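Overview (structure and organization)
Chain residues, written in single-letter form:
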Amino acid sequence: MSSEDGTRDVLRQLVADNLALYLYDNAIFYAERLFAAEPTTSSLHTLAEVHMLKGDVEGAVRLLRGNLPLFCGETGPITTKLFYLYGVVLARTNRFQEADHAFRSMRGDLTPAEQSALLYWMGVIQRKTNRDNEAGTAFLKSVQSNPLNWGAIENAVVLNTHSEVNLGVLFSEKVCSSLVKVPRAAGTPAKKRMATPLGTPPHTQGDHPVPLIPGASQPPRVAEESSDALQSLLVLLRHMLGIISASARYLCHEVVLRIKKLPQAHRDTGYVQGILAKAYYDEGLYQEACTAFDHLRSLEPYKLDPKLVYYSSCLWQLQQDKRLAYLAQEMIQMDKLSVVTQVVLGNTHSIVGEHETAAQFFARACNIDKHYAYSHTLRGMEHLVMEELDDAAQAFRVSLRLDSRNYPAWHGLGSVAVKKELWQEASLHFKKACTINPSPPLLLAYANSLMEERHPSCLEYALTTIERVLQKQPTHPLATLRKGEILLKCGQLEKAKAVAHGLLERAPREAKVNLLLGRIYRKVGDRVRALQYLNLAHGLDPKDTPAVKAEIERFHEGEDSGEDEWNP
C-alpha cells in the first residue's frame, strides 16, 4: 500500500470517528481533505453525505450540483448511490423536477429495499406535484418491494382509499424474513471489514457488504430461533396498518376500537395518540381530541408534532383562548419559525377576533411550506370571516390542488357559496366534503344548505342526512334541533313536537328549542302554548331576540313566517 493510499484510509477513518462523536465540522474538514486527495464519486458521496447529516442540505445540493458534471460519464454502484443522494437532497429542498431527473438517471441493479426507497421518493415527488394517481401507484410498488417501508405504507393507504388495497397480505413471515439478515452467532469471529467509501460508521454489518443506497440497508436478520419475535412484530404491524387504514377513511369509531386493542406500551406513544386525536378531531369530538392531544404532549413534550396544528384548531372550536395562547408560547420556545408554530399563532389571533393578523400568520405558514394544504385552508377561513370571498375561494382552491381529499377546504368553498346565497353550489361542495369525511359537523352543514334549497326532494335528503348524524351521536343537540325544524317544514307536526320536547328536556334554557316549539304549536293552532314558548325564548338568549321578536309580531298579526314550510 502506498503512503497516499494509507493517508486516504486514515482520512476515511477520521470522518467516521468524528461522525460517531457528532463532530460534524471536523467530519466535513476531513471529508474535504479526502475529496481533495481523491476527487472520485466515492469521496464526493462521503462529503455530500456528511453535509446532509449535519443538516446542511442546501450545502449538499450546491456541492453535488457543482461536481456531478465531472463524473457524468461514470457508471457503477457508487455513481448510483451518488445520484440517489442527489435526488434525496433535491427532494428535501422542494426541487422536485430536478429530483425526478436525478432519480431517473440512476443505473444499475438495486436490492428490493433499495428499489423500495427509490419508489418511495418518486411517490413523494409525484404527490407534491399533484400527481396523486401516479404517487399512489409508486407507493404501492414501494411496499411490494419492501413491506417494512412504513412511510410508503402510510402514503399508499391514504392515496388508495378509493380502492380495495390489501396491504396486510404483504406482512407474511415468508416475505418479511427475506428482507432481514440473520446475525452472526455469538462467538463467531468477525472477518476483516471491507473498506467503504461512506463516511458514516460503520458501513458493514458483520460479514455483510454495504448496500448501494445509504440508509436503505436491510434490518438485521432475525435468527431462525427468533421467528416467534418476527411473527409478533408482524402482528403488531398488521394491527397498526388497520389503524392507519381506518384513519385514512375517517372511521373514527374503528380507529378508537383498534387503538384500544394495542399493547399499552405502543398505545402510550406520541405516534398512536396523534392518530387518535386526529380521528376525534375529524369526527368533530373536540373535547376528546384535546384529551388525546394533552396525553400526546405529556408523552413527548420535546416534540413539535405536526398534528399539533389540529390541537390548536380544537382549542379554537372550544373557544379555549387561554389554553391556545399557552400552546402558542410553548411552540415559539421550540421553534418560532416552523409551520406548526405559525399556524398555532394564526389560530391564537383568530380566536380573539384579530382575523387580519391571523391571516398574515397563515400566509407566513404558506410561504414557509407552500405545499402544506391546511395552512392555505385556514387562510381561506380568515378571508371568509372578513367577507373577502374571492380571496377565500382562491385559498381553498389552492389547498385542494395540493390535497384533493382536504375536506375542510371543500367545506370552505361551500361556506363561500352560502355567503353568496348560491345554495345549489353550496350543497355540491358540502356533499363532496361529506363524501370524504361523513362527520357530524360536515353532515350538518350539508343538511343546512339543503334546507335552503326550495325543493321537496332536498328537504327529504336533508332529513336523511340529519339521521346519519344522529346514528353516530344520538343526543347531538344541533342535529336534533335541525330534525325538528325539518319535520315542521314537512308538516309532520306530531313528530316535530316529540323531537322538540325530547330536546327541551336536555336543554330547557335553549332559546332556539323554545322558539321551535312556539312555531310548532302555532301550526297546531294552540295559540296559548305557542305564545308561552315564544315568550320563554325571548328572555333566554339576547342573540336570538330579533328572530323571536319578529316571530311574536307575526304571531299577533296572524301572519305566517314563511319559514315553517316549503314553497316549491
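Residues numbered from 1 in each chain as written. Predicted model: local features only at pLDDT ≥ 70, side-chain atom pairs only at ≥ 80, totals over all residues. Heavy atoms only, no water.

The next thing to look at is the overall build of the chain. Regarding its fold elements, the chain presents 30 helices and 0 strands. Counting across all 568 residues of the chain, residues that qualify as buried make up 50%. If you sum the accessible surface of the chain, you get close to 27,700 Å²; carbon and sulfur atoms cover 53% of it. (Helix = DSSP H or I, 4+ residues; strand = E, 2+ residues; numbered from the N terminus. Buried < 20%, exposed > 50% of the residue type's maximum accessible area, 1.4 Å probe, protein only. Areas by Shrake-Rupley, 256 points an atom, 1.4 Å probe, with all protein chains shown as cover.)

Tallying each qualifying case throughout the model produces 0 disulfides. The closest cysteine sulfur to the non-disulfide-bonded Cys314 is located on Cys290, 4.8 Å from its own sulfur. (Disulfide = S-S within 2.5 Å.)

Turning our eyes to something else, we now look at the side chain of Asn160. Within the secondary structure, Asn160 sits in the loop between helix 9 (150-159) and helix 10 (173-177). Of the residues examined, Asn160 reaches a relative accessible area of 8% and is grouped as buried. In this structure the side chain of Asn160 is engaged in a polar contact, spanning 2.7 Å, whose partner is the backbone oxygen of Ala156. (Polar contact = N/O pair within 3.5 Å; in protein donor to acceptor, adjacent residues only side chain to side chain.)

Moving on, we come to the packing of helix 20 (residues 373-385) against helix 21 (residues 389-402). Between two packed helices, what matters for the description is the angle formed by their axes and the separation of those axes. Here helix 20 crosses helix 21 at 165 degrees, and the two axes come no closer than 8 Å. Between helix 20 and helix 21, the angle is such that the two are roughly antiparallel. Here the hand of the crossing between helix 20 and helix 21 comes out left-handed. On helix 21, the residues touching Ala373, His376, Thr377, Arg379, Gly380, Met381, His383 and Leu384 of helix 20 are Leu389, Asp391, Ala392, Ala395, Phe396, Val398, Ser399 and Leu402. Looking at the contact of helix 20 with helix 21 residue by residue, the classes come out as 9 nonpolar, 5 polar and 2 charged. (Axes fitted to C-alpha atoms, helices over the stretch in contact; angles between N-to-C directions. Parallel < 35°, antiparallel > 145°, perpendicular 65-115°, else oblique. Left-handed = near helix turned anticlockwise from the far one by under 90°. Contact = heavy atoms within 4.5 Å. Nonpolar A, V, L, I, M, F, W, Y, C, P; charged D, E, K, R; others polar.)

A few words on helix 19 (residues 355-368). One turn of the α-helix equals 3.6 residues, which is why residues spaced by three or four share an orientation. Between the first and last C-alpha of helix 19 there are 20 Å, a value that for 14 residues agrees with the 20 Å anticipated at 1.5 Å per step. Along helix 19, the positions that sit buried rather than exposed are His355, Ala358, Ala359, Phe361, Phe362, Ala365 and Cys366. Relative to the axis of helix 19, the buried residues are bounded by an arc of 160 degrees and lie together on one face. Across from the buried face of helix 19, at angles greater than 90 degrees, the exposed residues are Glu356 and Asn367. (Expected span 1.5 Å × (residues − 1). Arc of directions from axis to C-beta.)

Attention now goes to the nonpolar core. By size, the foremost hydrophobic cluster in this structure holds 155 residues, and its most contacted members are Leu64, Val89, Phe103, Tyr281, Phe293 and Val343. Here this core gets 10 residues from one element, more than from any other, and that element is helix 11 (residues 227-248). Beyond its immediate chain neighbours, meaning those up to four positions away, Val89 contacts Met52, Val57, Ala60, Val61 and Leu64. (Core = buried A, V, L, I, M, F, W, Y, C linked by side-chain atoms within 4.5 Å.)

Bringing the environment of Val398 into the picture now. Position of Val398 among the secondary structure elements: in helix 21. Of the residues examined, Val398 reaches a relative accessible area of 18% and is grouped as buried.

Time to look at the side chain of Lys278. Mapped onto the secondary structure, Lys278 falls in helix 14 (residues 270-283). Judged by relative accessible area, Lys278 falls into the buried class, the value being 14%. Excluding its chain neighbours within four sequence positions, the residues that come into contact with Lys278 are Tyr250, Phe293, Lys307 and Tyr310.

Let's shift gears to helix 12 (residues 252-260). Within helix 12, burial applies to Cys252, Val255, Val256 and Ile259. Each buried residue of helix 12 lies within a common arc of 95 degrees when the element is viewed along its axis, so the set occupies one face. On its buried side, helix 12 packs onto helix 11, helix 13 (264-267) and helix 14.

In this model, the chain carries a mean pLDDT of 85, and residues with pLDDT of at least 70 account for 84%. Low confidence marks residues 182-222, where pLDDT is under 50. Its contacts with residues over four positions away, or in another chain, come to 83 contacts. (pLDDT = per-residue confidence, 0-100.)

Running from amino to carboxyl end, helix 3 (residues 41-54) crosses helix 5 (residues 77-92) at an angle of 25 degrees, the nearest separation of the two axes being 9 Å. On the basis of their axis angle, the class for helix 3 and helix 5 is roughly parallel. When you trace helix 3 past helix 5, the crossing you get is left-handed. Contact with helix 3, carried on its side by Thr41, Ser42, Leu44, His45, Ala48, Glu49 and Met52, involves Ile78, Thr79, Lys81, Leu82, Leu85, Val88, Val89 and Arg92 of helix 5 and no other residues of that element. Tallied by class, residues from the contact of helix 3 with helix 5 come to 8 nonpolar, 4 polar and 3 charged.

This model, assessed by the stated rule, comprises 20 salt bridges. Across the pair Glu330 and Arg297 runs a salt bridge, and its minimum N-O distance is 1.6 Å. Here the residue Glu330 occupies a position in helix 17 (residues 321-335), and Arg297 occupies one in helix 15 (residues 286-299), the gap between them amounting to 33 residues. Assessed through its relative accessible area of 19%, Arg297 is described here as buried. Measuring nitrogen to oxygen at the nearest pair gives 3.1 Å for the salt bridge that ties Glu467 to Lys483. With Glu467 in helix 25 (residues 456-472) and Lys483 in helix 26 (residues 477-490), this pair connects stretches of sequence that are 16 residues apart. Given the relative accessible area of 29%, Glu467 is considered partly exposed. A single salt-bridge network, built from bridges that share partners, covers Arg8, Asp9, Arg12 and Glu38. (Salt bridge = Lys/Arg side-chain N within 4 Å of Asp/Glu carboxyl O.)

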